[in-house]
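Architecture at a glance
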Amino acid sequence: MMAEAGAGGPRLAELLALGRRLWEELEASTEPSSGAPAVQDKVRQGLDALQRAAAMVTQLELFSENEELEEIASADLKFMLLPALLGALTLKQVDLSRRREHLESAREHFLHFLKLCRNYGLGSFQLPPGTSSEEEDRSSSAPRAPGQPNLVTMALSRTAKIERYKQKKELENKLASMSSSVESGTADEDQIREFYILQIQKWIGTSLEEIESIDQELVILKSRDAARQAPAGPRGPPRAARTPVKPFILTRDAAQARVFGAGYPGLPTMTVDDWYEQRRKQGIVSQQGFGEPGSPPCPSPPAGTSDEEMQKQQKETEEEEDDEEALRKARDWDDWKDTHPRGYGNRHNMG
């Protein structure tokens, strides 16, 4: 295994080093926008280098499902980070039209890395849902209380996050203390091996966190896409545009129309009959049913009745109504005088 890696070692190591260096520069960048051309150019260069390195690892068959961690050469352990670095750089692409594609691709890279680590027994963790080992993870997890699956899941998730955070801080401190000796070449093989294993364990926690964030964002994107593709609900027929009505003075008869027309020359006048006839021609009111709310419909005039006769009948009806109104007021006044003698309410002997 070591000989095979050595044959393509310098080239493979250079590609990994280039991809990792570009990723570290992007992480430490103070560029205000991740979509800046300089930033995205580094993303493309890093992805190209890491993809070429991953292809070479596959060709050299550096890792196998049938071997143990002790069988891997210390110098080859760092190449296990390739899928995780590919996932991290894939997430830094900012093409919104391909965001869902980039999220799914990054998830596959992180998942590949976690499966590789699980196969070699690196770290104690559960694979995210949707993997081939999901049923195995469920059987090995803590038993759920009946009727409270959500509470147990939330408690386990919270506990796992706290534990991962503590482990991450510990690993960062150890790596910081060992990096100088490894980079300077003064570390022995055991120290180099421990250093790479600590890096792998750190990226295990990062990959689990990234997959959780990716799954949350994918749910949002899928819901948005489904809402866009959903057919519009049935709508009723569009309402006809209402013609604006010009202001006018509505009068009872022609005599009132002449009076108001003289006082308000700026506004036209219209009698009730004229207004009703206009509305009837427009189809807004029918020949019958015009009157006060709740009143019986007005009877239609007999056929052959002339306009003069209709106006005469209407005038007689109005006069009868006026007479009835005057009679009612007179009766009310007589009733009031019967119960209120002259001088009622005059407390100061006035008048």
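Residues numbered from 1 in each chain as written. Predicted model: local features only at pLDDT ≥ 70, side-chain atom pairs only at ≥ 80, totals over all residues. Heavy atoms only, no water.

**Remarks on the overall build of the chain**
The number of helices and strands found in the chain is eleven helices and two strands. Reading the chain from its N end, one meets helices and strands in the order α-α-α-α-α-α-α-α-β-α-β-α-α. Residue pairs at least 24 apart in sequence account for 61% of intrachain contacts in the chain once pairs closer than 6 positions are excluded. On the chain, roughly 24800 Å² of surface is accessible, and the fraction owed to carbon and sulfur atoms is 52%. (Helix = DSSP H or I, 4+ residues; strand = E, 2+ residues; numbered from the N terminus. Contact = heavy atoms within 4.5 Å. Areas by Shrake-Rupley, 256 points an atom, 1.4 Å probe, with all protein chains shown as cover.)

**Here we look at the pattern of salt bridges**
Following the criterion strictly, the structure yields twelve salt bridges and no others. Notably, a salt bridge pairs Arg52 with Asp48, separated by 3.8 Å at the nearest N-O pair. Of this pair, Arg52 and Asp48 both sit in helix α3 (residues 37-60), four residues apart, which is roughly one turn of the helix. A relative accessible area of 41% places Asp48 in the partly exposed class. One salt-bridge network, held together by shared partners, links Arg100, Glu104, Arg224 and Asp225. (Salt bridge = Lys/Arg side-chain N within 4 Å of Asp/Glu carboxyl O. Buried < 20%, exposed > 50% of the residue type's maximum accessible area, 1.4 Å probe, protein only.)

**Focus: the packing of aromatic side chains**
Per the counting criterion, the structure on display carries three aromatic pairs. Judged by centre distance (5.1 Å) and plane angle (55°), the ring pair of Trp23 and Trp203 falls under tilted. You can see Trp23 sitting in helix α2 (residues 9-27) and its partner Trp203 sitting in helix α8 (residues 189-229), a full 180 residues away along the chain. Each of the two residues, Trp23 as well as Trp203, counts as buried. With centroids separated by 6.4 Å and ring planes inclined at 75°, the aromatic side chains of Phe63 and Tyr120 adopt a geometry described as edge-to-face. Taken together, the residues Phe63 in the loop between α3 and α4 (82-90) and Tyr120 in the loop between α5 (99-119) and α6 (134-140) connect sequence positions 57 residues apart. In terms of burial, Phe63 and Tyr120 fall into one category: buried. (Phe/Tyr/Trp six-rings, centres within 6.5 Å; stacked < 30°, edge-to-face > 60°.)

**Observations concerning the nonpolar core**
Membership of the largest hydrophobic core comes to 58 residues, with the highest contact counts inside it found for Phe63, Met80, Phe113, Leu122 and Ile204. Contributing elements (two or more residues each) for this core: α2, α3, α4, α5, α7 (149-184) and α8. Take this core: its biggest share by element is twelve residues, from α8. Residues within four places of Leu122 in sequence aside, it is in contact with Leu69, Met80, Cys117, Ile197, Ile200 and Ile204. (Core = buried A, V, L, I, M, F, W, Y, C linked by side-chain atoms within 4.5 Å.)

**A word on the side chain of Arg107**
If you trace the backbone, Arg107 turns up in helix α5. Apart from the residues lying within four places of it in its own chain, the contact partners of Arg107 are Pro128, Pro129, Ile211, Ile214 and Asp215.

**So, the environment of His109**
Note that His109 resides in helix α5. Taking C-alpha positions, His109 is 5.0 Å from Pro83, a pair spaced 26 residues apart along the chain. Setting aside anything within four residues of it in sequence, one finds His109 in contact with Pro83, Ala84, Leu86, Gly87 and Thr90.

**A few points about unusual backbone geometry**
Even without glycine at this site, Glu61 takes up a positive phi of about 50°. As for its position among the elements, Glu61 is in the loop between α3 and α4. Taking relative accessible area as the criterion, Glu61 reaches 59% and is therefore assigned exposed.

**Comments concerning α3**
Because an α-helix completes one turn every 3.6 residues, residues spaced three or four positions apart along the sequence face the same direction. With 24 residues, α3 ought to run about 34 Å at 1.5 Å a step, and its terminal C-alpha atoms sit 35 Å apart, in line with that. Of the residues making up α3, those classed as buried are Val39, Gln40, Val43, Gly46, Leu47, Ala49, Leu50, Ala53, Val57 and Leu60. Where α3 ends, the next residue or the one after it, Glu61, has phi of about 50°, a positive value. (Expected span 1.5 Å × (residues − 1).)

**Quick notes on the confidence of the model for the chain**
Across the chain, pLDDT averages 77, with 66% of residues at or above 70. Looking over the chain, one finds the lowest element-wise mean pLDDT in helix α1 (residues 2-7), namely 43, and the highest in α4, namely 97. Confidence over residues 1-9 falls short of pLDDT 50; this stretch has twelve contacts with residues more than four positions distant or in other chains. Every residue in residues 289-294 scores below 50 in pLDDT, and together they form six contacts with partners more than four places removed in sequence or on other chains. (pLDDT = per-residue confidence, 0-100.)

**Some remarks on the packing of α3 against α4**
Look at α3 against α4: their axes get within 10 Å of each other, and the N-to-C directions meet at 155°. When the axis of α3 is compared with that of α4, the two are roughly antiparallel. Relative to α4, α3 is oriented so that their crossing is left-handed. Across the interface between the two elements, Val43, Gly46, Leu47, Leu50, Gln51, Ala53, Ala54 and Val57 of α3 pack against Leu82, Leu85, Leu86, Leu89 and Thr90 of α4. Its residues assigned to classes, the contact of α3 with α4 shows ten nonpolar, three polar and no charged. (Axes fitted to C-alpha atoms, helices over the stretch in contact; angles between N-to-C directions. Parallel < 35°, antiparallel > 145°, perpendicular 65-115°, else oblique. Left-handed = near helix turned anticlockwise from the far one by under 90°. Nonpolar A, V, L, I, M, F, W, Y, C, P; charged D, E, K, R; others polar.)

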